[in-house]
Structure formats: structure tokens, C-alpha cells
Amino acid sequence: MATATAAVRKIIHSPKELEAYRDKLVKKTKKNSRIVRVCIGTGCAAKGSRRLYELFCEAAAASAQAGSGNGGNVVIESKHVGCHGLCELGPIVVIDPGEILYHSVEEPDVAEIFRETVLGGRVVERLLYEDPKTKEKVKTPAEIPFYNVQKRIVLKHNGHIDPTSIDDYIAVGGYSSLGRALGSMEPESIIDQVEKAGLRGRGGGGFPTARKWRSCRRAESPDGIRYLICNGDEGDPGAFMDRSVMEGNPHGVLEGMIIGAYAVGASRGYIYVRNEYPLAVEHLKLAIDQARKFGFLGEDILGSGFSFDIRINRGGGAFVCGESTALMASLEGRTGEPRAKYIHTVESGLNGRPTVLNNVETWANVPSIIGMGSGEFAAIGTEGSKGTKVFSLVGKITNTGLVEVPMGITLRRIIEDIGGGVQNGKAFKAVQTGGPSGGCIPAEQLDAPVDFDELTRLGSMMGSGGMIVMDEDTCMVNVAKYFLGFLKSESCGKCTPCREGIAQMLAILDRISKGEGELEDLDSLHVLAELLSEGSLCALGKTAANPILSTLRYFRGEYEEHILNKHCPARECKGLFIYQIDPESCTGCGICRKNCPVEAISGERKAPHVIDQAICTKCNTCFEKCPFGAVMKV
Amino acid sequence: MPTVTIEGKTVTVPHESTILQAARKAHVWIPTLCYHPTVPSLGVCRICMVEILGNDGAPGRLVTACNYPVRRDITVSVSSERAAQVRKGVMQLLLARAPDSGELQELAARMGVRGTPYPTVTESQRNCILCGLCVSVCEEVIGASAIGFAGRGVERAVAAPFRQASETCIACGACAAICPVGTIQVRIHTDTGEAEISPFKSRSKLLVCEECGIRMVSVPVAQAMNDRLKIDWEEFRHLARLCPECRRKHAAKALGFGAGEDSVIPLEKIQVNEVNN
């Protein structure tokens, strides 16, 4: 690593040079008065936004060739940017000046947008966002509730800058916190700032970041080497916060890491990122190369005498590798399995050296803390949880997407105002936070504030920020079963309680969801849950029972209904409900009868049909095929 | 040196000793399965969990006695309700996994655990509880690394690479000797003169005493010992091909005595099954 950086001539040698470079950039960008920003976050890219970006580039090139046609000296720039947040309505295209947001843009729209908005300065009404309540069309993100309830610190530059351009990042103030930290702050005072800001680990544990850094700084290292790790092994189902940050603003993560490394005295850093995140890996690689070239990584950073470099390690996809000790084992080339943490990793972590490991989002918060000052940062949030938290809002929610909210905001505001409520007008049932080890929070608790301690009190946890919304058609026994099934296949199997206990609990849940459960099973689940949380080796096992405990706590009646009445109230568990045809709605078209694979349906043409329950195998075909919604689950 | 007060008895132990070492010094019994003094303690079976009591009524902390390093004065309870519950629960889970291990049942009885309320839901390879001692001893003590863990979670199993017979196994039998539940056995195939480490399917020829024909250690073990000793002396090499009994007779003869009387040293603890196939 060191030789690679030494070979390249650095561009920036001091904080002063950095500021001069930034001034030059800002002056230059003023001329680019028209900018088309196309989101190429994974969500929008899946809907073809990369092609849109190419088309905009072609259009811009063509109009530049045409020259005077667009008014002479106006420069048009097309940018691809990181996740804008409103993934549900992707691809998102934003045009400056005016910050006009178009959603669900398709290829044929490009020419019109270019002609009308970019060149003509007029708005294409049909592509604007329509407020579902007022039915009014709105132009800018600031007018859309999805955006205006949010508070963006980590995602501040996401969607604005080109993640592959270090100039873009520098132009919006990037690396100025690094300049300040290296130029005028002592390592200890950086840690003090982070402590005053009240930053807690965003990976889920919520451990005070400054305490971790201080312990690492003070820990003895046999050869003076300290390591710094960025945990980008985001593995929770339905979570994509870290991916979006790495994809959309990789330099923000790097800047946080370099500041952190200076604070703890680390010389080597690793970013452990899932191999399933190819775009994140690509952008991070590019960002590291650029940072080395500019002199933000390598020897004698910004003339401070401090040296630090970062490597990327791609994970093999094991969920448990998100656990710090398992991650370090994996980095060392061993099987990714956790070890006992009686000796903390800040004392003896990677290769037996003091190691600080923080999550992507934690690192991405650091430049803002140094930039805005700990006071301003700590003013956001609650007593015990400061700043903001990024969530990925998924499930049966209207606005699926990436959101960043101030700590202390209620779950209701996130789900109803930002998320736009439950899809298709269904009733809200529960929200699952904290990933597979988190818990389900019911409607009665929706006014609870988002706060590390509050969510734990409710039997869930902050986790890394996955938020899965469930509607009335979701069976909570099935939800618990799903998450436990996930954990069963992701448990490393090293310690007895996790390996055997999860399998036992899953076997019980399986019985309950088949209608073979007994009331005593609920007691057994409690006993096993206790055993896992007390006896497991790592946090995966210790929290594995949370999905069961929280659903039992808030939805015990639903479990009992499965056991006592052999009935699934959400009508999801096959065999615990029946299909019936509503004679009022049935038109006697015969589609269900023709499609039934076991000939369980009978009826005359144009007369209500009937399902013979003795023959029905509950395959759901009639329910799906009926064009009149006459087949009911009861 | 920190002191450990365990079940009311106070002992002083060197810094970073384990709670288990302190307990043994205080003559307090803590059940163990994945612990063995010759290999590093990984604390995976969780059967040795004890409670470090909090100060002034603060909640205690459950830790594994085998690898918790003592760095300050602590008070430990083995018999606390919390710790006993966890140990019992762990034993019940293990009994469900490995219902036919006599060794496990013996330990359960000593712990006062009567049977298990759980059905067998995970498949074990002949009652293997995945304590990992065999893997550790093969790597750390023998240096062969012939076996390791394959699979993850409930699929986890001890096996040689690709679940095939190992090429590096020297059939020393250390894994069989250290196995706490009798999963691993050394089988002697009298017809082919081979030792098999079961269930790993590795086989090695047994060295046969050049004089009396009795089967001794496996050929690779004898080879490994010779390599380690690095003695290039023809008579030594010849003596190494004899069983201890014949060697003794040799020595006695050389000294002018009659033949020695004692028999071969028994291979303690190693479960040896004679198989003829």
C-alpha cells in the first residue's frame, strides 16, 4: 500500500492548499448553471436509470455541439448521483436550477425533459410528484413530505454529488473537516468533540463511539500498530442504509475514517464490505484511489506527519461476519466466527492489535461533527441518542426508500408522514426494527420516539436501521418464523445455545403455524429465549429470540388463536383458514372451477359456486384467479 | 495477584488465570465439555457458565469459566439460580442433540439434569456435540490440521476437507482420546493391518513389531516421531521398529540378563474397536 502511494505525486499538501483548490472548484462550478442529476442508486439503477443517464449525456453533448442554439455560454452537465431516497418512485431525476424533481422517469421522457426543462426552463407537469392528500403537483423535494420531515446529515450530499468525483465532494465542503482536524486539532480533542456530540454506534449496539476510540488510543500495542475498521457488512433483510451511503458518498466515509484514525493513532484501515454490493465496492475503490492521489491517504497526510491508508476487503456473505470479532477473524483469513469478548477488541482485535471498528454510518457522521461542531450535533436528538439515524423503509409501506430522521422523532411520523402510510389502504399492524434480531412494535406504540434506549425498552432495538412495515394481512407467528429461519441459517453454529436453541424454537414455531402447537409451547419458547440471551457467545445468539419475544409480548392472542382454535387470524398460515366463495359477489363465471387443480369447486354457470372443503388443498389458485374478488379467506 | 471468591472459598491466582483454574484451586467443581488444558479454551459448549456477582447488589454477569480471564478481585457463584439454569438448559439442548452418548448422560447425572424436554431436531454425527476439541488438538498439538469444521449452523460438522478421507491424518488417535462424548473412535482393521479414525474415514497402516508381529502405532506416527528426533543411527531405527516389549528383551539380552516380563503399555482412554471387514 505504502509503495503505491509513494509513487504518485500528491496534489494537495496542506489544509491551505485544500481550501485554495476548493475555491477554484466553486468558481468553476458556478458556470455550470444547468445540471441534470440522475439517481443511479441500486434501486433506481434496477429500473434502468443508467440508460437514462447515458441519454442525458448524449443530449447534453448534442446540444453543446449545436452551440448557440441553447443560448451560447450555458454549460449543461449530466451527473449520476447516489441514492436520492424515494426508491419507490424511481428513477429519480433532479434538474438544477430550481431543484425540480421528476419521478418514475422513463427513456422516452428524456427528450422532453431536456427540451422543456433543461433548455426551456419549463416544468413537465406529468412527471412531478403529486401529493396524495392534496392532489397538488409539487416541484421540489422540499415540498414533498417524504423529504421535508427528514433531517439529513449523513445523506446530506447523497443525491447531489457524483460519487465518482472527488472534485464534487470537495466542492461541497468535503475534506474540510479533515483539514481542520489535522491542521488545528489534537487527537484527544477530536475524541472530546465526538464525546460531546454524544455519537453512539450506528451499527446497532449504540455503544458510545468516543469511549471506544479513547480505549483504543490508550491500549498498548506490541509494535505500535493500531487498526481501524469500517463495517460495511450490512446483512439485515430489508436494510440498505450503508450500501446507499457507500454508493452515494464514499468520500464521506473515508473522511470520517481518516479523522478517526488520526484520533486513535491508527495507521491501517480496512473497509469490510459485502461482495453483494458491487457498486459500493467500485465507488469505494475509486474514492480510495482519488484520496491517495490527492494526498488524503498515504504518507504525511496534508503535511501533518500523520500517515494512514485503507484497504477494501470483500465479505463472503455470512451475516455473522457483521459481528465485530467474526469480521476480524474473516479479515485475518480465518472462518468468520465470533470469539469471546472478555478481552475487548479495542485492546486486542485484528491480528491481536488494538482495533476500532465502527459501522459505515458512524464513520459518515464524523466529518459533520467536526464540521458543524459537537454542540450543534448534540442539539439534535434526545437525551441519550444524539444526531440523526438513517433508516431503510420497506415492507407494506407506500414510500419505500431511504430516510434520515432526527433521533427522537416518533415512529408514527416516519411511517405516516415520510412513508406515506401503509400500502393499498390496509391497516397498520406492526413495524419491525433492528433487523432479524430486532423486534416488532405494534400500533399502540407508534408514538414512541426513535431512540436507542426507548426501542430496547419496547423489546426491539435500533439495529442498523432496517424498518419493515407490516399490514393487517401479516401473521405475526409467520413473521417470527421467518426471522428465526433466517437466523438459523446464518448462525455460525459455534456455540450450543444459538445453534441448538434456534433450531428448537423454530421447530416449535413450525408446529404452531401448522396448528399442532400447545399452550405449553409458549412457555418453552420463553425458557429457550432466556437461555439464548443468557448463554450465547455473541450478539447474534443473544438477540435471536427478540422476534419471538416481541411478537409474544404484543401479539400473544394471535399465537393462542393458532394453538387453541387452529386458526390464523391474518390468514397466512396454510391450513389454518379456509377458502369460501361469497355468493353475493360470485358471478358464476367458472374461472375458479376450471383452474382448481383438485376439482373442489362446483356450480352452475351464472350461479354462485361452492368450494368442497373436504377436497380443497388450500393451494390459493381460486383466490388468485377470481376476477371479482369473490373468493374469501376465512 | 487478584483473588477469586468462589462458592465462599477465596483463592489467589496469577493475573489472567481463568475462573476454571481458580475453581480447581478452590476445589470447586464446574462441569466442562469443550475444555482441555492442552488446547486454547474457546468457550463454545457453554456448559461451564458461572455468574460473576455484581457489587452492592448490582446484577451479575454470566461468563464461561474456562476462558474468562481474572484481572481483578471477583466473586463468582457457580450455584446461583441464573448460572445453574443456563447450564441446565445447555445440557438439555446437548442431550437432545446427542441422545445416545453415555459420557454426556454421565455428566448430566452429575449435574443433576434428568433427561431433556426437547426432541432431537439437529442431526449429529454419532452424538458429536461440536465442542471442537478434536479440531484444536489436531491443529495445535499434533500439527496435522487433518480435520476442521465444515458447514455452518446446524449443518456444522467435523470433517476432513471435502468430507473425504484426510490425506494429512497420521492416525495418531489424539482426536479420539480428547473427544468428551465418544464420537471419535480408533478402529483396527485386522485384515488389512490398518487403523481407521472413525467417522473421518482416514486410514493408516499400522507398524508391526519386526520380532513378535504385534501391531503398534501407525506408520505415519512412527515416521513423524523419527523425523522429529532426527537420529540417524541404524540401530535406533531398528529398535524403533520393535514393540516396547521386544525392545526391553533386546536390551536385557544385550546386558546379559534373561527376557523381561512386563507387557505392553495399555493405550489408555482410546476406545479401540476390533473390526474385521
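Just so you know, these numbers come straight off a predicted model, no measurement behind them.

(A) Structural detail: the overall build of chain A. When helices and strands are counted, chain A shows 25 helices and 19 strands. Compactness check: chain A gives a C-alpha radius of gyration of 27 Å against a globular reference of 26 Å for 634 residues, within 12% of the reference. For chain A, the spread of C-alpha atoms along the principal axes amounts to about 85 × 70 × 40 Å. Residue burial in chain A is summarised as follows: out of 634 residues, 55% are buried. In chain A, once contacts between residues fewer than 6 apart in sequence are set aside, the share between residues at least 24 apart is 71%.

(B) Summary view of the domain arrangement of chain B. Residues and elements named next belong to chain B. Domain annotation of chain B identifies domain 1 (3–111) and domain 2 (165–275). Distance between the C-alpha centres of domain 1 and domain 2: 37 Å. Taken residue by residue, the interface counts 7 residues in domain 1 and 4 residues in domain 2. Within the side of domain 1 that touches domain 2, the residues separate by chemical class into 3 nonpolar, 3 polar and 1 charged.

(C) Geometry of the interface of chain A and chain B. Facing the 23 residues of chain A at the interface are 28 residues of chain B. Of all the elements, helix 20 (residues 496–513) of chain A adds the most residues to the side of chain A that touches chain B, at 8 residues.

(D) Examining the confidence of the model for chain B more closely. All names here are of chain B. When pLDDT is averaged along chain B, the result is 90; 93% of the residues meet or exceed 70. Within chain B, no element has a lower average pLDDT than strand 12 (residues 272–275), which sits at 58, and none a higher one than strand 3 (residues 49–52), at 98. Confidence over residues 260–267 falls short of pLDDT 50; this stretch has 10 contacts with residues more than four positions distant or in other chains. The ipTM value of the predicted complex is 0.89, and its pTM value is 0.90.

(E) Up close: the sheet that holds strand 1 (residues 34–39) of chain A. Residue and element names in this part refer to chain A. Strand order in the open sheet formed by 4 strands is 2-1-3-4, and the pairing between neighbours is mixed. The open sheet has two edge strands, strand 2 (76–81) and strand 4 (100–102), and neither has a second partner. The mean inter-strand angle of the sheet, taken between neighbouring strand axes irrespective of direction, is 20 degrees. In this structure, strand 1 lies alongside strand 2, joined through 6 bridges in parallel fashion. Directly across from arginine 37, in strand 2, lies its bridge partner lysine 79. Against the sheet, helix 5 (residues 109–119) contacts strand 1, strand 2, strand 3 (93–96) and strand 4, and its axis sits at roughly 30 degrees relative to strand 3.

Quick notes on the rules
Residues numbered from 1 in each chain as written. Chains lettered and ligands numbered in written order. Predicted model: local features only at pLDDT ≥ 70, side-chain atom pairs only at ≥ 80, totals over all residues. Helix = DSSP H or I, 4+ residues; strand = E, 2+ residues; numbered from the N terminus. Rg over C-alpha atoms; globule rule 2.2 N^0.38 Å. Buried ≥ 20, exposed ≤ 12 C-beta atoms within 10 Å, placed from the backbone. Contact = placed C-beta atoms within 7 Å. Domains from an automatic or database assignment. Nonpolar A, V, L, I, M, F, W, Y, C, P; charged D, E, K, R; others polar. pLDDT = per-residue confidence, 0-100. Pairing = 2+ DSSP bridges. Axes fitted to C-alpha atoms, helices over the stretch in contact; angles between N-to-C directions.

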